[in-house]
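The primary structure of each chain is shown beneath.
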Amino acid sequence: MIYTVKTLLGAELSPINYYINPLLPVGCKAILFGLFKTGKSFLAQQMAFELSAGEKFLGIFPTTQCRVLYLENELPLVSVQRRVRNPYAKYGSNFFICRTLDKLNDFDGYQEIRKIIQEVKPEVLILDCLYSAVIGDIAEGRTVNEATTALDAIMGLNPLMSLVIIHHQRKESSSPEYESREFQEILGSVMLPNWVDSLFWLLSPRGKSTKRTLKFLLRHDENPHSIQINFNPQE
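Summarised in this report is the structure supplied together with it. (Residues numbered from 1 in each chain as written. Predicted model: local features only at pLDDT ≥ 70, side-chain atom pairs only at ≥ 80, totals over all residues. Heavy atoms only, no water.)

Now for the pattern of salt bridges. Overall, the coordinates contain 4 salt bridges when judged by the stated rule. For Lys 29, the salt bridge goes to Asp 152, with nearest N and O atoms at 3.1 Å. Taken together, the residues span a long stretch of sequence, with Lys 29 in strand β3 (residues 29–34) and Asp 152 in helix α5 (residues 141–155) at a distance of 123 residues. A residue is classified by how much of its surface remains accessible, and Asp 152, at 35% relative accessible area, is partly exposed. Here Arg 142 and Glu 146 are joined by a salt bridge, their closest N and O atoms 3.3 Å apart. Of this pair, Arg 142 and Glu 146 both sit in helix α5, 4 residues apart, which is roughly one turn of that helix. When its relative accessible area of 29% is taken as the criterion, Glu 146 is described as partly exposed. (Salt bridge = Lys/Arg side-chain N within 4 Å of Asp/Glu carboxyl O. Helix = DSSP H or I, 4+ residues; strand = E, 2+ residues; numbered from the N terminus. Buried < 20%, exposed > 50% of the residue type's maximum accessible area, 1.4 Å probe, protein only.)

Put into structure tokens, the structure is as follows:
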């Protein structure tokens, strides 16, 4: 249908549905990225638990309770077990975890990942992390293209499924342009920020600190203000 501005303003349109409002719309792709050892996986696991329980993400953002599949390809399963034992043991009926070393851009690996998703039928898929889910250099455009093509095909299994990818950023820079480049600091081809709908950047101050800053870049809505996270509530 073609609208004039006048008719568009008066039209009754279906609202956007969210798994995390306004960060993660239904059927969207998102990347959570940051430097090595900034707590990306901890934050992603917290997201998974709160989505599976229908609780506010970080106590701020409303969620819709849903089935979550967490594909882990870095940590041993015993380490994942230790992380999720407390304080989230009371949750988890909608939270599925699978450790897989299969690669997105390998035919057999892609088929295995596809089978896992078809079995679980998640509404939100979290991949931790992109760097370890591919064969080749993630900084090369060809590797990124192969990975995104595979992920687009996987999302085609369920148009209502949303995808959250855990990823790394380039090595931190002290140049004056570092802060201004912001979301272009994601590791890999420049196509990645344009491929997703939402970007979450987890920053850590220099030196030892449990405090983090989470910044947002959303295609579908206004960007929320950056928020401060403390990974040690007792500090």
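Let us look at the pairing of strand β9 (residues 211–218). A regular strand carries its side chains on alternate faces of the sheet. Burial analysis of β9 places 6 of its 8 residues in the buried class, the great majority of the element. Strand direction decides the pairing type here: strand β8 (residues 198–203) and β9, joined by 6 bridges, are antiparallel. Its bridge partner being in β9, Phe 200 is matched across the sheet by Phe 216. Inspection of the sheet shows β9 paired to strand β10 (residues 227–230) by 4 bridges, in the antiparallel sense. What sits directly across from Thr 213, in β10, is Gln 228. (Pairing = 2+ DSSP bridges.)

What follows deals with helix α4 (residues 107–120). Under the 1.5 Å per step criterion, the end-to-end length of α4 is 20 Å for 14 residues, consistent within 8% with the ideal 20 Å. By the burial criterion, the buried members of α4 are Gly 109, Tyr 110, Ile 113, Ile 116, Ile 117 and Val 120. Projected onto a plane normal to the axis of α4, the buried residues spread over an arc of 120 degrees and lie on a single side. Across α4 from its buried face, at more than 90 degrees, point the exposed residues Phe 107, Asp 108 and Glu 119. Residues of α4 that are buried make contact with β4 (68–72), β5 (95–99), β6 (124–128) and α5. Where α4 ends, the next residue or the one after it, Lys 121, has phi of about 55 degrees, a positive value. (Expected span 1.5 Å × (residues − 1). Arc of directions from axis to C-beta. Contact = heavy atoms within 4.5 Å.)

Here we come to the side chain of His 167. One can find His 167 in strand β7 (residues 162–168). A distance of 2.7 Å separates a polar atom in the side chain of His 167 from the backbone oxygen of Leu 187. Contacts of His 167, omitting those with residues within four sequence positions, involve Ile 31, Leu 32, Phe 33, Gly 34, Lys 40, Leu 130, Tyr 131, Ile 138, Ile 186, Leu 187 and Leu 192. (Polar contact = N/O pair within 3.5 Å; in protein donor to acceptor, adjacent residues only side chain to side chain.)

Further remarks concern the pairing of β4. Of all 5 residues in β4, 5 are buried, a share of seventy percent or more. Alternating positions in β4 separate into two faces, Val 68, Tyr 70 and Glu 72 on one and Leu 69 and Leu 71 on the other, with burial throughout. Both β4 and β5 contribute to a ladder of 5 bridges, which runs parallel. Residue pairing in the sheet places Glu 72 in a bridge with Arg 99 of β5. Of the pairings in the sheet, the one linking β4 to β6 comprises 5 bridges and is parallel in character. Paired with Glu 72 across the two strands is Asp 128, which belongs to β6.

Let's shift gears to a nonpolar patch on the surface. A surface patch of nonpolar side chains, amounting to about 470 Å² of accessible area, comprises Met 1, Tyr 3, Leu 8 and Leu 13. Relative to the helices and strands, Tyr 3 is located in the segment before α1 (5–10). Residue Tyr 3 is classed as partly exposed on the basis of its relative accessible area of 35%. (Patch = residues over 30% accessible without salt bridge, like charges linked within 9 Å, V, L, I, M, F, W, Y side chains within 5 Å. Areas by Shrake-Rupley, 256 points an atom, 1.4 Å probe, with all protein chains shown as cover.)

Looking now at the sheet that holds β7. Spatially, 8 strands are ordered β5-β4-β6-β7-β3-β8-β9-β10 in an open sheet, and the strand pairing comes out mixed. If you trace the sheet from one side to the other, it starts and ends with β5 and β10, each paired once. Strand-to-strand twist in this sheet, taken as the mean axis angle between neighbours without regard to direction, amounts to 20 degrees. Running over the sheet, α4 touches β4, β5 and β6 and is turned about 155 degrees from β4. (Axes fitted to C-alpha atoms, helices over the stretch in contact; angles between N-to-C directions.)

Everything listed here is a matter of geometry and, on its own, says nothing about what the molecule does.
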